[in-house]
Each structure stands twice: as structure tokens, then as C-alpha cells.
Amino acid sequence: QVQLVESGGGLVQAGGSLRLSCAASGNIFSINLMGWYRQAPGKQRELVAAITRGGSTNYADSVKGRFTICRDNAKKTIYLQMNSLKPEDTVVYFCNAEIMEFGAVRYTDHWGRGTQVTVSS
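Note that the structure is predicted; figures quoted are calculated from it, not measured.

Cut-off values and rules
- Residues numbered from 1 in each chain as written.
- Predicted model: local features only at pLDDT ≥ 70, side-chain atom pairs only at ≥ 80, totals over all residues.
- Heavy atoms only, no water.
- Helix = DSSP H or I, 4+ residues; strand = E, 2+ residues; numbered from the N terminus.
- Rg over C-alpha atoms; globule rule 2.2 N^0.38 Å.
- Buried < 20%, exposed > 50% of the residue type's maximum accessible area, 1.4 Å probe, protein only.
- Contact = heavy atoms within 4.5 Å.
- Areas by Shrake-Rupley, 256 points an atom, 1.4 Å probe, with all protein chains shown as cover.
- Core = buried A, V, L, I, M, F, W, Y, C linked by side-chain atoms within 4.5 Å.
- Phe/Tyr/Trp six-rings, centres within 6.5 Å; stacked < 30°, edge-to-face > 60°.

Asker: Give me the lowdown on the overall build of the chain, citing residues and values where you can.
Answerer: The secondary structure content of the chain amounts to zero helices and eleven strands. Secondary structure of the chain in N-to-C order comes out as β-β-β-β-β-β-β-β-β-β-β. A compact globule built from 121 residues would reach a C-alpha radius of gyration of about 14 Å, and the chain, at 14 Å, matches this within 12%. Its C-alpha atoms give the chain principal-axis dimensions of about 50 × 25 × 20 Å. Within the chain, the fraction of its 121 residues that count as buried is 40%. Restricting the contact set of the chain to residue pairs at least 6 apart, pairs at least 24 apart contribute 56%. Summing over all exposed atoms, the chain offers an accessible surface of approximately 6600 Å²; the carbon and sulfur share of this is 47%.

Asker: Can you tell me about the nonpolar core, naming the residues and giving the values?
Answerer: Core analysis: the biggest nonpolar cluster contains 30 residues, and Trp36, Val48, Phe67, Leu80, Met82, Tyr93 and Ile99 have the highest contact counts within it. Of all elements in the fold, only strand 1 (2–7), strand 3 (18–26), strand 4 (28–39), strand 5 (46–51), strand 7 (67–72), strand 8 (77–82), strand 9 (91–101) and strand 11 (115–120) reach the threshold of two or more residues within this core. In terms of residues, this core owes the most to one element, strand 9, which gives five residues. Excluding residues within four positions of it along the chain, Phe67 makes contact with Arg38, Val48, Tyr59, Leu80, Gln81, Met82, Asn83, Leu85, Asp89 and Tyr93.

Asker: Tell me about the packing of aromatic side chains, and name the residues and values.
Answerer: What the rule picks out here adds up to two aromatic pairs. The interplanar angle of 70° and the centroid separation of 5.5 Å between the aromatic rings of Phe29 and Phe102 together place this pair among those described as edge-to-face. In this pair, Phe29 is assigned in strand 4 and Phe102 in the loop between strand 9 and strand 10 (108–111), connecting sequence segments 73 residues apart. Accessibility assignment for this pair places Phe29 and Phe102 in one class, exposed. Ring geometry for Tyr37 versus Trp111: centroids 5.0 Å apart, planes at 70°, classification edge-to-face. Pair noted here: Tyr37 is in strand 4 and Trp111 is in strand 10, with a separation of 74 residues, a long-range link. Given a relative accessible area of 22%, Tyr37 falls into the partly exposed group.

Geometric descriptors of this kind do not, in isolation, establish any biological role.
Below, the structure is given as C-alpha cells:
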């Protein structure tokens with residue numbers, strides 16, 4: 001069984017910073033792409049940032065220059081440093097990872113339960 005556990009969400013004033021973490025654990029042979037998504041009520045989940053095993057990154061236009069994703073492969077953990085936060089960044093953030101478990105022949109998608117980020121104006 002595989003788990004993704006997020007932490008680091010909370011309440012911050014506009015212009016402030018937060019750092020999210022997501023640690024993968026369990027029956028893990030290999031992790032491919034990892035990333036952060038967010039979802040506002042009534043809207044589709046959208047990609048915020050993603051990072052490959054080799055460290056290549058991809059960001060949503062709305063967060064470029066403000067958010068930074070990084071990864072520690074040894075710890076099976078990704079981080080999202082969020083600076084210059086805006087009220088419109090107020091949503092639930094979800095961690096995602098493509099994971100191959102021991103004994104499996106392909107990667108499968110796994111999701112964390114989400115962490116709430118609230119930015120007050």
C-alpha cells in the first residue's frame with residue numbers, strides 16, 4: 001500500500017509565504033513524476049507544478065515566479081515553496097505521484113488527501 005501525506009498548509013496574509021511538503025511511503029519500487037495540484041470548490045483540479053525524477057519542472061502560468069517545486073528522491077518527498085501568496089491561491093492543494101510498487105509492471109497515479117491553504121487579504 002502506498003500513502004502520500006501532505007503537510008504545511010494553513011492561513012497566511014496576502015504577500016506571505018508557505019511551504020508544503022508531501023512524503024510518499026509504503027510499498028514503493030520507483031517514483032516517476034510528482035506534482036502539486038489544486039482544486040477550488042466546483043472547479044476541476046488543476047496542475048500547479050510538477051517535477052520529474054531528474055529535476056525538470058513545469059509550472060502553471062498563474063504561479064510562475066512565485067512558487068518553486070523541489071524534490072528529495074532519497075526521502076521520496078516533494079516540496080512547494082509558495083511566495084507572494086494571493087487570496088486567489090486559497091484552495092485545497094493535493095500531492096500527486098506516479099508510483100510503481102514492488103511486484104508491479106507499470107506506474108499508477110496516487111493522490112494525497114489534500115491540505116488547505118488560505119490567504120487573507
